[in-house]
Amino acid sequence: MDLYLDSVDFKEIEQALELGFIKGLTTTPTFMHRHGITDIDKAIVKLSGMVPELQVEALGDSPDSIIAEANRILSLPLEREPVFKVPISNEGLIACHSLTKKGHRVNVHLIYTLNQAYMAIEAGAAFVCPLAGRLQDQGHDAIKLYEQCVEVISKHNYQSKVMFSSVRYPEHVRQALLAGVHVCTAPFSVINRLCENSLTAVGTSQFWEHTQLMTQSVSDVMRPENPVCKISETLTSAMVKMTESRLGAVTLVNSQGDVAGIFTDGDLRRSLQEDGEKILTKTLDEIGFSRNPITIDQNASLEQAVSLFKESQVDSIVVMADNRPSGHLDIQDLVKIGLLGQEHL
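Residues numbered from 1 in each chain as written. Predicted model: local features only at pLDDT ≥ 70, side-chain atom pairs only at ≥ 80, totals over all residues. Heavy atoms only, no water.

A. Spatial organisation of the overall build of the protein. Of the regular secondary structure elements, the protein holds 17 helices and 14 strands. Since a compact globule built from 345 residues should have a radius of gyration of about 20 Å, the 34 Å found for the protein marks it as more spread out than a globular shape. Judged by the C-alpha coordinates and their principal axes, the protein covers about 100 × 40 × 35 Å. Within the protein, the fraction of its 345 residues that count as buried is 45%. Sequence-distant contacts in the protein: of pairs separated by 6 or more residues, those separated by 24 or more amount to 55%. Only carbon and sulfur atoms are counted for the fraction: they give 49% of the accessible area of the protein, which is about 18200 Å². (Helix = DSSP H or I, 4+ residues; strand = E, 2+ residues; numbered from the N terminus. Rg over C-alpha atoms; globule rule 2.2 N^0.38 Å. Buried < 20%, exposed > 50% of the residue type's maximum accessible area, 1.4 Å probe, protein only. Contact = heavy atoms within 4.5 Å. Areas by Shrake-Rupley, 256 points an atom, 1.4 Å probe, with all protein chains shown as cover.)

Here's what the structure looks like:
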């Protein structure tokens, strides 16, 4: 079954064509009116150069006027000849037969009965096009009509193709496939949802998670900021570095540059509550800090990091490189990429 796009939205058309397998485009005067197109001919010319096959309306109230409109469209500087859409009627059938004899292709549409479809087929229509959504709106069995059209064409060896149109939702595309129609034309909003499935989303998320756990290291996701204070520095200095880095902790080192501990925003709040503003000028060594920080090597896997967060129940881990602090890994970093749940925030 060939998949066509039903649209005149140029942005949508460009996005749909990126799929690489959209076989054609169907348009209607109603679509053009809704999108504010005032120069129909200019739009037709542009569209003829964008899509593999363009189907446009050739309207008229008599066979001659329909044929004249088709010829007028053919006189435009088109990239390729379009398929002419003609509503089912006796006048439309005469025009379809005449245009087909001259080598042009016609889509006879607005079909609601098998008799209408049969007449269009006999007139040589390249496409016969019942409207699923509109038929179902009136309580009719649209799918049965498509199945009957397909069966008649197959049984009598006609060359016409059945087009499934007036598509409202993805289920229509599934029904079109099962009915055996040759072409389905759908709006971009429906085409864009054909791959959606909650189980697929869950499975894909799991695959990403496990791939990241196995292939990415701490250095791939750690923050670039590396706030470090000597234990001889004041609390004010630590607060400044916390604020600048937008992290909730600073790594503390001794005079030799070895990690001595970590001072967190939690430590800050507790110290202020206990001793007040007078501690702002005290050194971190005088105030006190967490002396056994959780550390991890920057080349460790994310799987190791996740396990360490779960085991230690901390919010920040000091990242090490060559036995020196190189940054922080915050628990939020792993929550954002889905390796830890929101409950860890």
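What follows continues from the structure just given.
B. Spotlight on the pairing of strand β7 (residues 161–164). Examined bridge by bridge, strand β6 (residues 127–130) and β7 share 2 bridges and lie parallel to one another. Across the sheet, Phe127 pairs through a bridge with Lys161, a residue of β7. The pairing of β7 with strand β8 (residues 183–186) spans 2 bridges and is classified as parallel. What sits directly across from Met163, in β8, is Val183. Each parallel crossover has a hand, and for β7 linked through helix α9 (residues 170–179) to β8 it is right-handed. (Pairing = 2+ DSSP bridges. Right-handed = clockwise from strand over helix to strand, strands pointing away.)

C. Layout of the sheet that holds β8. Read around the closed barrel, 8 strands run β1-β2-β3-β4-β5-β6-β7-β8, paired in parallel fashion. Across the sheet, the axes of successive neighbouring strands diverge by a mean angle of 30 degrees, strand direction being ignored. Strand direction decides the pairing type here: strand β3 (residues 54–57) and strand β4 (residues 83–87), joined by 3 bridges, are parallel. Bridging from a neighbouring strand, Gln55 pairs with Val83 of β4. Packing of helix α4 (residues 63–74) onto the sheet brings it into contact with β3 and β4, and relative to β4 it is tilted by some 155 degrees. (Axes fitted to C-alpha atoms, helices over the stretch in contact; angles between N-to-C directions.)

D. Broad picture of the environment of Glu151. Take Glu151: it is sitting in helix α8 (residues 142–156). Judged by relative accessible area, Glu151 falls into the exposed class, the value being 53%. Taking C-alpha positions, Glu151 is 15 Å from Met1, a pair spaced 150 residues apart along the chain.

E. How the structure looks around the packing of α4 against helix α5 (residues 90–101). With their axes 8 Å apart at the nearest point, α4 and α5 run at an angle of 45 degrees to one another. By the angle class used here, α4 and α5 are oblique. In this structure, α4 crosses over α5, and the sense of that crossing is right-handed. Residue-level contacts link Pro63, Ile66, Ile67 and Ala70 of α4 to Glu91, Gly92, Ile94, Ala95, Ser98 and Leu99 of α5. Here the residues of the contact of α4 with α5 are counted per class, giving 7 nonpolar, 2 polar and 1 charged. (Parallel < 35°, antiparallel > 145°, perpendicular 65-115°, else oblique. Left-handed = near helix turned anticlockwise from the far one by under 90°. Nonpolar A, V, L, I, M, F, W, Y, C, P; charged D, E, K, R; others polar.)

F. Region of interest: the environment of Cys229. In this fold, Cys229 is placed in strand β9 (residues 228–230). Judged by relative accessible area, which is 1%, Cys229 ranks as buried. In the structure, Cys229 is positioned 22 residues away from Thr251 in sequence and 6.3 Å away in space, judged by C-alpha atoms. Not counting chain neighbours up to four residues away, the residues in contact with Cys229 comprise Ser237, Ala238, Lys241, Thr251, Leu252, Val253 and Leu284.

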